[in-house]
Amino acid sequence: MTAPDAPSTAGPLRRAGLALIRALKAVAWWFNSILGGNDYARYVQHQRLHHPGCAIPSERDYWRDRHAAADKNPSNRCC
């Protein structure tokens, strides 16, 4: 007994599903970028590239300092 062949629409459906997954990942990346999810990684990369001898704060310290600076200077935020 042989296995039934895949329906002829399997190829296009698979491509559409993969395209949908790529689109959802792109939207998730976009929202993460807007909300600052990549900021610490960019900060660390900048520090290593431009200030190699300086100590890099932990992610917790980075966010604490960033929020403290935003509280001191609220002109750069909407609310």
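Everything discussed here concerns the structure shown above.
Worth saying up front: this structure is predicted, and the values here are computed from it rather than measured.

(A) Geometry of the overall build of the protein. Looking only at helices and strands, the protein features three helices and zero strands. Along the protein, helices (α) and strands (β) appear in the sequence α-α-α when read from the amino end. In the protein, which comprises 79 residues, the proportion classed as buried is 8%. On the protein, roughly 7100 Å² of surface is accessible, and the fraction owed to carbon and sulfur atoms is 62%.

(B) Molecular detail of the packing of aromatic side chains. Enumeration according to the criterion identifies four aromatic pairs in this entry. Summarising the aromatic geometry, the rings of Tyr43 and Tyr62 are spaced 4.9 Å apart at their centres and angled 35° between planes, so their arrangement reads as tilted. Of this pair, Tyr43 sits in helix H2 (residues 39-50) while Tyr62 is found in helix H3 (residues 59-72), placing the two residues 19 residues apart along the sequence. With a relative accessible area of 26%, Tyr43 lands in the partly exposed category. Here a set of aromatic residues connected by ring pairs shows up, and it is made of Tyr40, Tyr43, Tyr62 and Trp63.

(C) Examining the environment of Val44 more closely. Its place among the elements puts Val44 in helix H2. Spatially, the C-alpha atoms of Val44 and Pro57 are 8.7 Å apart, while their sequence positions differ by 13 residues.

(D) Molecular detail of the packing of H2 against H3. Direction vectors running N to C along H2 and H3 enclose 105°, while the axes themselves pass 11 Å from each other. Judged by the angle between their axes, H2 and H3 are roughly perpendicular. From H2, Asp39, Tyr40 and Tyr43 reach across to H3, where they touch Glu59, Tyr62, Trp63 and Arg66. For the contact of H2 with H3, the per-class residue count stands at four nonpolar, no polar and three charged.

(E) Focus on a nonpolar patch on the surface. Nonpolar side chains collect at one region of the surface, where Val27, Trp29, Trp30, Phe31, Ile34 and Leu35 lie side by side and expose about 710 Å² of accessible area between them. For Leu35, the location among the structural elements is in the loop between helix H1 (10-34) and H2.

(F) Inspection of the pattern of salt bridges at higher detail. Using the criterion set out here, one finds three salt bridges in the structure. Residues Arg42 and Asp39 are paired through a salt bridge, measuring 2.5 Å at the closest nitrogen-oxygen approach. Residue Arg42 and its partner Asp39 are located together in helix H2, separated by three residues, close to a single helical turn. Relative accessible area serves as the criterion here: at 10%, Asp39 is assigned to the buried category. Of the charged contacts in the structure, one is a salt bridge between Arg64 and Asp61, with a shortest N-O distance of 3.1 Å. You can see Arg64 and its partner Asp61 sitting in helix H3, three residues apart, about one turn around the helix. For Asp61, a relative accessible area of 26% puts it in the partly exposed group. Three or more residues joined by partner-sharing salt bridges are found here, namely Asp39, Arg42 and Arg66.

Conventions we followed
Residues numbered from 1 in each chain as written. Predicted model: local features only at pLDDT ≥ 70, side-chain atom pairs only at ≥ 80, totals over all residues. Heavy atoms only, no water. Helix = DSSP H or I, 4+ residues; strand = E, 2+ residues; numbered from the N terminus. Buried < 20%, exposed > 50% of the residue type's maximum accessible area, 1.4 Å probe, protein only. Areas by Shrake-Rupley, 256 points an atom, 1.4 Å probe, with all protein chains shown as cover. Phe/Tyr/Trp six-rings, centres within 6.5 Å; stacked < 30°, edge-to-face > 60°. Axes fitted to C-alpha atoms, helices over the stretch in contact; angles between N-to-C directions. Parallel < 35°, antiparallel > 145°, perpendicular 65-115°, else oblique. Contact = heavy atoms within 4.5 Å. Nonpolar A, V, L, I, M, F, W, Y, C, P; charged D, E, K, R; others polar. Patch = residues over 30% accessible without salt bridge, like charges linked within 9 Å, V, L, I, M, F, W, Y side chains within 5 Å. Salt bridge = Lys/Arg side-chain N within 4 Å of Asp/Glu carboxyl O.

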